[in-house]
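Reading the structure
Read off the chains here:
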Amino acid sequence: MKIVAFYTPSYKHIVQGLLDSVEKFGYDIHVEEVEDRGTWEENCGQKPEVIYRCMQEYKEDLLYIDADAVIARELPLEELSGDVMRFYVMEWTPPETGKKVYELISGTVFLPYNEVTLDIVKKWVTHQQNNPMIWDQKTLGEVLNKMPDYRYVTFSAEWNYIEDYHSKFNLDPIVIHKQASREMK
């Protein structure tokens with residue numbers, strides 16, 4: 001399994017935390033600098049392109065992690081197996097609606113190398129390119145919603161720990177997402 005991440009030139013200083021944490025635990029990583037396409041949404045929208053290229057190049061399972069994250073502890077590798085994608089679905093209630101929302105979060109995504117996953121990621125690339133101002137996690141969700149028979153697995157919150165949100169819970173983070181875009185957007 002290979003860890004995959006990408007960053008734009010303005011985020012170059014941020015990716016070092018991820019690289020240091022990957023080195024600390026001895027994992028294999030592919031990280032690449034991509035072009036700045038002008039907006040935060042378009043830059044994040046390169047995620048499916050990077051993942052698809054890496055799947056084609058490495059032909060192995062991938063763990064995508066956002067460049068501003070750090071691995072906080074040994075990855076429970078037994079959770080990184082199987083033939084379906086894994087990601088975190090955050091449950092929250094916006095104060096303006098008071099209705100529970102389930103939001104796919106794409107900061108940490110396990111992608112098993114197989115034809116079905118390749119097909120999903122290829123569709124994600126196309127859908128993202130056709131909708132460059134929509135968040136990549138929303139476009140992935142839209143692709144998966146068109147596949148009612150596909151059964152993904154959800155990660156626990158520890159895999160996509162967001163301090164501002166998850167610090168009120170008693171969790172043992174695996175991957176901590178620093179949310180750098182909130183300061184740099």
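Report follows, based on the coordinates. (Residues numbered from 1 in each chain as written. Predicted model: local features only at pLDDT ≥ 70, side-chain atom pairs only at ≥ 80, totals over all residues. Heavy atoms only, no water.)

Right, let's get into the packing of helix α3 (residues 47-58) against helix α4 (residues 115-130). In contact at an axis separation of 8 Å, α3 and α4 are set at 150° when each is read in the N-to-C sense. Along this stretch, α3 crosses α4, giving a crossing that reads as left-handed. Across the interface between the two elements, K47, P48, E49, I51, Y52 and M55 from α3 touch T117, L118, V121, K122, W124, V125, Q128 and Q129 from α4. The class makeup of the residues in the contact of α3 with α4 is eight nonpolar, three polar and three charged. (Axes fitted to C-alpha atoms, helices over the stretch in contact; angles between N-to-C directions. Helix = DSSP H or I, 4+ residues; strand = E, 2+ residues; numbered from the N terminus. Left-handed = near helix turned anticlockwise from the far one by under 90°. Contact = heavy atoms within 4.5 Å. Nonpolar A, V, L, I, M, F, W, Y, C, P; charged D, E, K, R; others polar.)

Across all of its chains, the model carries zero disulfides by this definition. With no disulfide of its own, C44 lies 16 Å from the sulfur of C54, the closest cysteine sulfur. (Disulfide = S-S within 2.5 Å.)

Now for the nonpolar core. A general tendency of soluble globular proteins is for nonpolar side chains to be buried together. Counting residues in hydrophobic clusters, the biggest one holds 26 residues, and the most contacted among them are I51, M85, L111, I120 and V121. Where this core is concerned, the elements lending two or more residues are β1 (2-7), α3, β3 (62-65), β6 (101-111), α4 and α5 (136-145). Every residue in contact with L111, bar those within four places of it in the chain, is listed here: I51, D61, L62, Y64, M85, T117 and V121. In terms of nonpolar packing, the next biggest core, distinct from the first, is built from 21 residues, I65, M90, I105 and F110 among them. (Core = buried A, V, L, I, M, F, W, Y, C linked by side-chain atoms within 4.5 Å. Buried < 20%, exposed > 50% of the residue type's maximum accessible area, 1.4 Å probe, protein only.)

Moving on, we come to the packing of aromatic side chains. Scanning all chains against the criterion turns up five aromatic pairs. Between F6 and Y64, the aromatic rings sit 6.2 Å apart at their centres with planes inclined by 40°, giving tilted as the arrangement. Note that F6 is positioned in strand β1 and Y64 in strand β3, a separation of 58 residues in sequence. Residue Y64 is classed as buried on the basis of its relative accessible area of 2%. (Phe/Tyr/Trp six-rings, centres within 6.5 Å; stacked < 30°, edge-to-face > 60°.)

Moving on, we get to the sheet that holds strand β8 (residues 161-162). Across the sheet, three strands lie side by side as β4-β9-β8; this open sheet has mixed pairing. The two strands at the open ends of the sheet, each matched to only one other strand, are β4 (69-71) and β8. Looking at chain direction, β8 and strand β9 (residues 175-177) are connected through two bridges and run parallel. Its bridge partner being in β9, I162 is matched across the sheet by H177. (Pairing = 2+ DSSP bridges.)

Our next topic: the sheet that holds strand β7 (residues 153-155). Taking strand neighbours across the sheet as the criterion, the six strands line up as β2-β1-β3-β6-β5-β7 in an open arrangement whose pairing is mixed. A single partner strand is all that each edge strand has here, and the edge strands are β2 (29-33) and β7. Strand after strand, the sheet turns through a mean of 40° between neighbouring axes, direction not considered. Relative to β7, strand β5 (residues 86-92) is paired through three bridges, and the arrangement is parallel.

It is worth spelling out the side chain of K47 at this point. Structurally, K47 can be placed in helix α3. Judged by its relative accessible area of 3%, K47 is buried. Only 3.0 Å separates the side chain of K47 from the side chain of D136, close enough to count as a polar contact. With residues up to four places along the chain from it excluded, the contact list for K47 reads F6, Y64, D66, S106, G107, W124 and D136. (Polar contact = N/O pair within 3.5 Å; in protein donor to acceptor, adjacent residues only side chain to side chain.)

In the structure shown here, the tally under the stated rule is nine salt bridges. A salt bridge links E32 to R53; its shortest N-O distance comes to 2.5 Å. Placement of E32 in strand β2 and of R53 in helix α3 is noted, with a sequence separation of 21 residues between them. With a relative accessible area of 39%, R53 lands in the partly exposed category. Among the salt bridges present, the one from K100 reaches E91, with a minimum N-O distance of 3.0 Å. (Salt bridge = Lys/Arg side-chain N within 4 Å of Asp/Glu carboxyl O.)

No statement about biological role is implied by the geometric values presented.
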